[in-house]
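Residue-level listing of the chains:
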Amino acid sequence: MADIKPFKAYRPCGEKAQTIASLPYDVFNRQEAYEKVQKEPESFLAIDRPETQFEPDHDMYAPEVYQKAHDMLWEKIEKGDFIQDEKPCYYIYEQTMNGRTQTGIVACASIEDYLKGVIKKHENTRADKEEDRIKHVYNCEAQTGPIFLCYRENRLLSELVSRVKEVDTPVYDFTSEDGVLNRVWVIDDLEETETICRVFVTIDSVYIADGHHRCASAVKVGLKKREENEGKVRGKLKSEYFLSVLFPDSDLMIMDYNRVVKDLNGLTASEFMDKLSEKFDITEEKEQVHPENKGEFGLFLEDKWYRLAIHKEIVPDDAVEGLDVSVLQNEVLSPILGIGDPRTDKRIDFVGGIRGLGELENRCHKDMKLAFSMHPTSIGELFAVADAGRLMPPKSTWFEPKLLSGLFIHDICGTI
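Remember, it's a predicted structure, so these values are computed and weren't measured experimentally.

**Some remarks on the layout of surface pockets**
Link 1 in the chain: Its volume calculated, the second largest pocket comes out at about 210 Å³.
Link 2 in the chain: What lines the second largest pocket is a set of 13 residues, and nearest its centre among them are P6, F7, K8, K238 and I416.
Link 3 in the chain: Here the lining of the second largest pocket is built from residues that sort into six nonpolar, three polar and four charged.

This is the structure:
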């Protein structure tokens, strides 16, 4: 039973949406964020990455940095760059990228559902990354970047969303800097909002697709607020809920998340290929290798592409160990290349599929020795791992397009 609530979002005035909306804070490094904000000072990235308002060598985690984020956000609201809807609403958020459309419902999800496992995760989080967003949310008194959630498609929700899109006019309709068409509709009809709420109550499980750190941080802020306000207020705190966009699984596409490795761990190329041949059928290819099936991998080594097909008897019948990312780690990266922990080993890096296989070749010409192209993890595999209460290896999924920040803000002060 998922507790998914409508809320009174702060959102940009219509004409400012395209100027304000930004790609999420974590797709930029510090220098990229600084340069973008210098070029586009109205971008919401200035609030999501408030260190851009200080000198480049300023401590980006200092208290005054988070205070600056708070001040900029509420100054924008006070001067009218944002409006707040008068009653709790759901919102439809549609994104179209390369001819493919995904449509989600913007709402607030319950931290209690996260704690009880109704909202399921498939990745570990890092304390340092959590701490940054905890401070950002707590000091801003608002959540500014939505968590990307998904659920098994529900016919009633799909029909309602389609009907709203056909009948109503979007409040936002613009193409963002990454070439994605973004459109937003407001659902403020009481009958429709009650229907959405009731349908979500019938959904047993919701899954975090992307944004594990933001989700964990929002939950910890909510628990902190719960402790601070115990016995002091009546009603449910707004901080008991976190900003989310919920997509049906049928709309989503997971892209490949590829690997590049710095060296052959002391082996010659010939020795390395001999070891691979014990576990894979190997075919040299004339073109870049996009693996077409589960259990296939592309290898780029010494300016040649190879297709690797794992011997099927090697692959375990297990939700986690049977994943391609696990097979590569357990059969190649660890035993042959000596990469025991890909989270910390500096000899490996990860390249999102959105960058294309040409980026793998570029890295091998620049700072790496070999690259592996991956078959994407499926949404079904993600659900199976999460349902089993297990965790995927790092860098198992890459979702596109990214959800923009600054289109919806959920303030966490006071009660519902």
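Past the structure itself, the notes keep going.
**Brief notes about the pairing of strand β8 (residues 147-151)**
Link 1 in the chain: Counting buried residues along β8, five of its five residues qualify, which places the element largely inside the surrounding structure.
Link 2 in the chain: By the alternation rule, side chains of β8 split into I147, L149 and Y151 and F148 and C150, which are all buried.
Link 3 in the chain: Two elements, β8 and strand β12 (residues 241-248), share five bridges in a ladder whose sense is parallel. Directly across from L149, in β12, lies its bridge partner L246.

**Things to note about the pattern of salt bridges**
Link 1 in the chain: The full count for this structure, using the stated rule, is 32 salt bridges.
Link 2 in the chain: Notably, a salt bridge pairs R133 with D132, separated by 3.1 Å at the nearest N-O pair.
Link 3 in the chain: On the basis of relative accessible area, R133 is assigned to the buried category, the value being 5%.
Link 4 in the chain: Here D387 makes a salt bridge to R152, at a shortest N to O gap of 3.0 Å. Linking D387 in helix α13 (residues 379-387) with R152 in the loop between β8 and α7 (155-167), this pair joins segments that are 235 residues apart in sequence.

**Quick word on the packing of helix α4 (residues 63-78) against helix α6 (residues 127-140)**
Link 1 in the chain: Two elements in contact, α4 and α6, have axes separated by 8 Å at closest approach and are oriented at 45°. Classified by the interaxial angle, the pair formed by α4 and α6 is oblique. Here the hand of the crossing between α4 and α6 comes out right-handed. On the side of α4, the interface is formed by Y66, A69, H70, L73 and W74, while α6 contributes D132, K135, H136, N139 and C140.

**Looking at unusual backbone geometry**
Link 1 in the chain: Put simply, E400 and P401 share a cis peptide bond, and its omega is -5°.
Link 2 in the chain: Assignment of secondary structure puts P401 in the loop between β20 (398-399) and β21 (410-411).
Link 3 in the chain: With a phi close to 55°, N98 is a non-glycine residue in the positive phi region.
Link 4 in the chain: Mapped onto the elements of the fold, N98 is located in the loop between β4 (90-97) and β5 (100-110).
Link 5 in the chain: Residues other than glycine seldom take positive phi values, yet D303 does so here, at roughly 65°.
Link 6 in the chain: For D303, the position within the fold is in the loop between β16 (296-301) and β17 (304-310).
Link 7 in the chain: The exposed category is assigned to D303, whose relative accessible area is 54%.

**Let's talk about empty space enclosed by the protein**
Link 1 in the chain: The full count for this structure, using the stated rule, is three cavities of 30 Å³ or more.
Link 2 in the chain: Put simply, the largest cavity is a space of about 110 Å³.
Link 3 in the chain: Every residue lining the largest cavity is listed: Y25, D48, R133, H136, V137, Q143, T144, G145, I147, R214, S217 and A218.
Link 4 in the chain: Class assignment for the residues of the lining of the largest cavity results in four nonpolar, five polar and three charged.
Link 5 in the chain: As for the second largest cavity, its lining consists of R259, V325, Q329, L333, P342, I348, F350, P393 and P394.
Link 6 in the chain: Of all the elements in the fold, those that place two or more residues in the lining of the second largest cavity are α11 (324-333) and β18 (348-352).
Link 7 in the chain: At three residues, α11 tops the list of elements feeding residues into the lining of the second largest cavity.
Link 8 in the chain: Residues belonging to the lining of the second largest cavity are distributed by class as follows: seven nonpolar, one polar and one charged.

Thresholds applied
Residues numbered from 1 in each chain as written. Predicted model: local features only at pLDDT ≥ 70, side-chain atom pairs only at ≥ 80, totals over all residues. Heavy atoms only, no water. 1 Å grid on protein atoms, 1.4 Å probe; cavity = no way out; pocket = protein on both sides within 12 Å on 5 of 7 lines; lining within 4 Å. Points joined across faces, edges and corners; volume = space filled by probe spheres on them. Nonpolar A, V, L, I, M, F, W, Y, C, P; charged D, E, K, R; others polar. Buried < 20%, exposed > 50% of the residue type's maximum accessible area, 1.4 Å probe, protein only. Helix = DSSP H or I, 4+ residues; strand = E, 2+ residues; numbered from the N terminus. Pairing = 2+ DSSP bridges. Salt bridge = Lys/Arg side-chain N within 4 Å of Asp/Glu carboxyl O. Axes fitted to C-alpha atoms, helices over the stretch in contact; angles between N-to-C directions. Parallel < 35°, antiparallel > 145°, perpendicular 65-115°, else oblique. Left-handed = near helix turned anticlockwise from the far one by under 90°. Contact = heavy atoms within 4.5 Å.

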